[in-house]
Each structure stands twice: as structure tokens, then as C-alpha cells.
Amino acid sequence: MRILETTFVQGVVDETAVLYDGTPHIAFIGRSNVGKSSTLNAITGKRKLVKVGQTPGKTREINFFKARLELEDKQQTSVYLVDLPGYGYAKLSKTQRNQLKELIFWYLKHPTADTALVCIVIDSKVGITDHDREIIEVLNAHDKKFIIAVNKIDKLNQKSRHALVQSLTQELGDTTAYVMYSATTNKHINLLQEAIFNGI
Ligand code: GDP
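This text gives an overview of the structure that appears in the document. (Residues numbered from 1 in each chain as written. Predicted model: local features only at pLDDT ≥ 70, side-chain atom pairs only at ≥ 80, totals over all residues. Heavy atoms only, no water.)

**A look at the environment of Asn 190**
Consideration 1: Mapped onto the secondary structure, Asn 190 falls in helix 5 (residues 189-197).
Consideration 2: The partly exposed category is assigned to Asn 190, whose relative accessible area is 43%. (Helix = DSSP H or I, 4+ residues; strand = E, 2+ residues; numbered from the N terminus. Buried < 20%, exposed > 50% of the residue type's maximum accessible area, 1.4 Å probe, protein only.)

**Overview of the pairing of strand 5 (residues 115-123)**
Consideration 1: Taking burial as the measure, the nine residues of strand 5 include eight buried ones, the bulk of the element.
Consideration 2: Sheet analysis places strand 2 (residues 25-30) next to strand 5, joined by six bridges and oriented parallel. Note that in strand 5 the partner of Ile 26 across the bridge is Leu 117.
Consideration 3: One ladder, built from six bridges, connects strand 5 with strand 6 (residues 146-151); its direction is parallel. The partner of Ile 120 across the bridge, within strand 6, is Ile 148.
Consideration 4: For the segment spanning strand 5, helix 3 (residues 130-141) and strand 6, crossover handedness is right-handed. (Pairing = 2+ DSSP bridges. Right-handed = clockwise from strand over helix to strand, strands pointing away.)

**Concerning the packing of aromatic side chains**
Consideration 1: In this structure the tally under the stated criterion is two aromatic pairs.
Consideration 2: Ring centres of Phe 64 and Tyr 80 lie 5.4 Å apart, and the angle between their planes is 70°; this geometry places the pair in the edge-to-face category. Pair noted here: Phe 64 is in strand 3 (residues 62-70) and Tyr 80 is in strand 4 (residues 76-83), with a separation of 16 residues, a long-range link. By the burial criterion, Phe 64 is buried, and Tyr 80 matches it.
Consideration 3: A cation over a ring is seen here: Lys 101 above Phe 105, with NZ or CZ 5.6 Å from the ring centre. (Phe/Tyr/Trp six-rings, centres within 6.5 Å; stacked < 30°, edge-to-face > 60°. Lys NZ or Arg CZ within 6 Å of the ring centre and 35° of its normal.)

**Thoughts on the site of the ligand**
Consideration 1: Looking at the ligand, there are 17 residues lining it, with Lys 36, Ser 37, Ser 38, Gly 53 and Asp 154 nearest.
Consideration 2: A distance of 2.6 Å separates an oxygen atom of the ligand from a polar atom in the side chain of Ser 38.
Consideration 3: Contact between the ligand and Lys 152: an oxygen atom at 3.1 Å from a side-chain N or O atom of the residue.
Consideration 4: Expressed as a share of its isolated accessible area of 580 Å², the protein-covered part of the ligand is 78%.
Consideration 5: Looking at the shell around the ligand, its residues break down into three nonpolar, nine polar and five charged. (Near = heavy atom within 4 Å. Polar contact = N/O pair within 3.5 Å; in protein donor to acceptor, adjacent residues only side chain to side chain. Areas by Shrake-Rupley, 256 points an atom, 1.4 Å probe, with all protein chains shown as cover. Nonpolar A, V, L, I, M, F, W, Y, C, P; charged D, E, K, R; others polar.)

**Describing helix 3**
Consideration 1: The end-to-end C-alpha distance of helix 3 is 16 Å, a good match for the 16 Å that twelve residues give at a rise of 1.5 Å each.
Consideration 2: For helix 3, the full list of buried residues reads Asp 132, Ile 135, Ile 136, Val 138 and Leu 139. Down the axis of helix 3, the smallest arc covering the buried residues is 165°, so these residues share one side. Among the exposed residues of helix 3, those pointing more than 90 degrees away from its buried face are Asp 130, Glu 137 and Ala 141.
Consideration 3: On the buried face of helix 3, the contacting elements are strand 2, helix 2 (94-108), strand 5 and strand 6.
Consideration 4: At the exit of helix 3 stands Asp 143, carrying a positive phi of roughly 55°. (Expected span 1.5 Å × (residues − 1). Arc of directions from axis to C-beta. Contact = heavy atoms within 4.5 Å.)

**Focus on helix 1 (residues 36-44)**
Consideration 1: Across the nine residues that make up helix 1, a large majority, nine, are buried.
Consideration 2: Buried within helix 1 are the following residues: Lys 36, Ser 37, Ser 38, Thr 39, Leu 40, Asn 41, Ala 42, Ile 43 and Thr 44.
Consideration 3: Packed against the buried residues of helix 1 are strand 1 (2-12), strand 2, strand 4, strand 5, strand 6 and helix 5.

This is the structure in C-alpha cells:
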């Protein structure tokens, strides 16, 4: 599989045709600063698809990008990469935080959106937080498939990586897949791409 081209399509805030035009969505969600934008850039090989280091909480829309893929058998297909706003940023006002949460949960609970997979991006130094657990609960309740994308492994030494694997396995069991990678060094980005695009 390789991505031939990725282009911005639309910022979504409510019902619109792209939600269910038959193109499968791969949605990315994560707390502000986990490296969600860097991850999207690394996956697509476009350094400036999404701006890195944005002021947390600035993005208030769900950004849809269309990626054209070439599959193993050389067939081509398209998916939407869906960039959900970063959540859990403490410095936003309560009203702003609630508005963001409402938008994110509206999408995650959407009964007819073509969501093929949700990729929950976490920071390997921080691990799974209660915010992530809340998202996981909603996804499970609505039968949405998800994986955990564990970013920034370049920051961990061997011992911390081992401890992280143990705690992730303990918390997630064998039903939820996770991939450890670095969006900065690109280490194991290929594994993340495989995990994401496998079912497409
Ligand atoms: P977002 O808020 O989740 O979209 O995060 P960004 O992609 O804007 O990244 C937040 C910060 O983390 C930036 O300073 C990035 O350079 C840094 N960052 C992102 N990915 C990695 C990574 O894999 N390793 C390291 N060390 N830093 C990263």
C-alpha cells in the first residue's frame, strides 16, 4: 500500500455529505500535543499537511483530507483521513471545552458516518489517560473499531518501553491493537500505516 496523494477537502462542524458519501473514514483523535498532526504528516509523507505545534484548542472543526491509495494489487482507492480537534486542553474555557467535546462525540457517535477505524493517538511518555478511556468507552458503546497509536517512542529508553508494553497489554488485553512509533524519527511508521490501512 502507498499513498499517492492527499488533499484537504472540508472542515466539518455539522451534517454534510462527506460524512456518508461512501468513502471510508480513518479518524484520528488524541489529547492536544500528543503529536496527532505530526502523525498525519508522517503517514501521508507530507510535512505540511497539518500544522505542527498549533496552539492547543485552536482547531474547532473536524478536518477531512482525501487520500488516494495504491493497494498491493495496484488497484487504487480513496479514504478520508479525519482529523478531530485535540481534546483535554486545560487552558480553554469550560464552554469552549464543552463545545469541542460535543463536536467530537457527535462524530464518534454518528450512526451513519462511514467511520472504518478510529486511531486514538497517545503520548508514550504519558500513556492512556482518563480522557482516552472516555473515548474508548464511547467507541465500544457504538461498535466503532479502533486502535491505539502510541507516539513519541524516541523519548523512551529500553526499560521504559518494556514497562509501557506491559501496562498497555494489561489495560488493553488482546482485543485492542496498538502500535508504538515515532512521528519525528519515522520509526515504525510503516507498522502504523499497515495497521491503519489493512482493512481498506
Ligand atoms: P498535536 O497537538 O497532537 O497535533 O501535536 P503536534 O503534532 O502539533 O506535536 C506536538 C509537539 O510534539 C511538537 O512539538 C512536535 O514536534 C512534538 N512531537 C510530535 N511527534 C513526536 C515524536 O514522535 N517524538 C518527539 N520527540 N516529539 C514529537
